[in-house]
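Inside the fold
Each chain, letter by letter, is given below.
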Amino acid sequence: AQTVTQSQPEMSVQEAETVTLSCTYDTSENNYYLFWYKQPPSRQMILVIRQEAYKQQNATENRFSVNFQKAAKSFSLKISDSQLGDTAMYFCALRYNAGNMLTFGGGTRLMVKP
Amino acid sequence: GAGVSQSPSNKVTEKGKDVELRCDPISGHTALYWYRQSLGQGLEFLIYFQGNSAPDKSGLPSDRFSAERTGGSVSTLTIQRTQQEDSAVYLCASSLASSSGGGTDTQYFGPGTRLTVL
């Protein structure tokens, strides 16, 4: 069975600054995908960024980037130039290459302060 | 096109009643998933539909929970004889295809149904 751990229940950052959210996971599989989802108060889970485990290059999407350390089973999310609209719950998730369901971490509540 | 939609947005029911939650996936998506988000348990997988294959029901917490998907599109999650511990947000997601052939198979989520059992 796989597990995903987010060790930071809550974090805050000043607007325009950079923040990093941590995620570690445990799996015996070699092929899998990792995701960061954002859940604002509207409840809708929005995909932020995804990473294929077989790719060494870290994924980036505009202000969002990841630091994927496969050997350490670590998948942190960096948000640059934080904006008020980034305030939300952030969930790290893992899915096997041939699997179906997502396994989620417990989430990190991020507050961006003006 | 439109995203995943779910109805109702909120549902309040009395203990012991049955409830039905509906999910309309993104048009053309063959895979559909149900998850439950509760304070004590976080986000849990419930059930997965892929095309005409038998659904993966491995996440359903009890036999009071069931789901069907009619015509490969709309899905209904039914909870019979609701209990207070069933109170949660029920999230539906859809994706283009199973990942068995490779690809990222990104899941897109609906806004969820908040179920409150009194």
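Cut-off values and rules
Residues numbered from 1 in each chain as written. Chains lettered and ligands numbered in written order. Predicted model: local features only at pLDDT ≥ 70, side-chain atom pairs only at ≥ 80, totals over all residues. Heavy atoms only, no water. Helix = DSSP H or I, 4+ residues; strand = E, 2+ residues; numbered from the N terminus. Polar contact = N/O pair within 3.5 Å; in protein donor to acceptor, adjacent residues only side chain to side chain. Contact = heavy atoms within 4.5 Å. Disulfide = S-S within 2.5 Å. Buried < 20%, exposed > 50% of the residue type's maximum accessible area, 1.4 Å probe, protein only. Pairing = 2+ DSSP bridges. Axes fitted to C-alpha atoms, helices over the stretch in contact; angles between N-to-C directions.

1. Observations concerning the side chain of B:Thr82
Residue and element names in this part refer to chain B. In this structure, Thr 82 sits in the loop between β7 (75–79) and β8 (88–95). Only 3.2 Å separates the side chain of Thr 82 from the backbone oxygen of Glu 14, close enough to count as a polar contact. In contact with Thr 82, other than residues within four places in its own chain, are Thr 13, Glu 14, Lys 15, Gly 16, Lys 17, Val 19, Arg 64 and Val 117.

2. A few points about the state of the cysteines
Any covalent bond linking the sulfur atoms of two cysteines counts as a disulfide. Residue and element names in this part refer to chain B. Summed over the entire model, instances satisfying the criterion amount to 2 disulfides over all chains. What pairs with Cys 23 in a disulfide is Cys 92, and their sulfur atoms sit 1.8 Å apart. Because the torsion about its S-S bond is -65 degrees, the bridge between Cys 23 and Cys 92 counts as left-handed. Here Cys 23 is found in strand β3 (residues 19–24), whereas its partner Cys 92 is found in strand β8, with 69 residues between them in sequence. Taking the relative accessible area as the measure of exposure, Cys 92 reaches 0% and is therefore buried.

3. Some thoughts on the sheet that holds β3(B)
All names here are of chain B. In spatial order, the strands read β1-β3-β7-β6; together these 4 strands make up an open sheet with antiparallel pairing. The sheet terminates laterally at β1 (5–7) and β6 (65–69), the two strands that pair on one side only. Neighbouring strand axes in the sheet, compared pairwise and without regard to direction, differ in orientation by 15 degrees on average. The pairing of β1 with β3 spans 3 bridges and is antiparallel. Residue pairing across strands places Ser 5 opposite Asp 24, the latter belonging to β3.

4. Thoughts on the pairing of β7(B)
Residues and elements named next belong to chain B. Taken across its 5 residues, β7 has 5 buried, putting it largely inside the fold. On β7, burial covers both faces: Ser 75, Leu 77 and Ile 79 on one face and Thr 76 and Thr 78 on the other are all buried. As paired strands, β3 and β7 are joined by 5 bridges and run antiparallel to one another. Note on β7: the bridge partner recorded for Glu 20 is Thr 78. In terms of strand pairing, β6 meets β7 through 5 bridges, oriented antiparallel. Residue pairing for β7: Glu 68 is matched across the bridge by Thr 76.

5. Describing the environment of B:Gly16
Residue and element names in this part refer to chain B. With respect to the helices and strands, the residue Gly 16 is situated in the loop between β2 (10–13) and β3. For the pair Gly 16 and Gln 84, spaced 68 residues apart in sequence, the C-alpha to C-alpha distance is 9.2 Å. Leave out the neighbours within four places in its chain, and Gly 16 touches Arg 81 and Thr 82.

6. Examining the environment of B:Gln107
Relative to the helices and strands, B:Gln107 resides in the loop between β8 and β9 (108–109). Reaching out from B:Gln107, the side chain makes a polar contact with the side chain of B:Tyr35 at a distance of 2.7 Å.

7. Overview of the environment of A:Asp86
Residues and elements named next belong to chain A. If you trace the backbone, Asp 86 turns up in the loop between β9 (74–79) and β10 (88–96). Asp 86 sits in the buried class, given a relative accessible area of 3%. Residues Asp 86 and Tyr 96, spaced 10 residues apart in sequence, show a C-alpha to C-alpha distance of 28 Å. Other than its neighbours up to four places away in sequence, Asp 86 contacts Lys 38, Arg 63, Phe 64, Ile 79, Leu 110 and Val 112.

8. Topic: the side chain of A:Thr27
All names here are of chain A. Tracing the backbone through its elements, the reader meets Thr 27 in the loop between β4 (24–26) and β5 (32–39). Thr 27 gets classed as buried once you look at its relative accessible area, which sits at 6%. Within polar-contact distance, the side chain of Thr 27 engages the backbone nitrogen of Glu 29 at 3.1 Å. Reaching out from Thr 27, the side chain makes a polar contact with the side chain of Tyr 96 at a distance of 3.3 Å. Residues in contact with Thr 27, not counting those within four places in the same chain, are Gln 2, Tyr 32, Lys 73, Leu 94 and Tyr 96.

Honestly, that's just the spatial picture; any functional story needs more than this.
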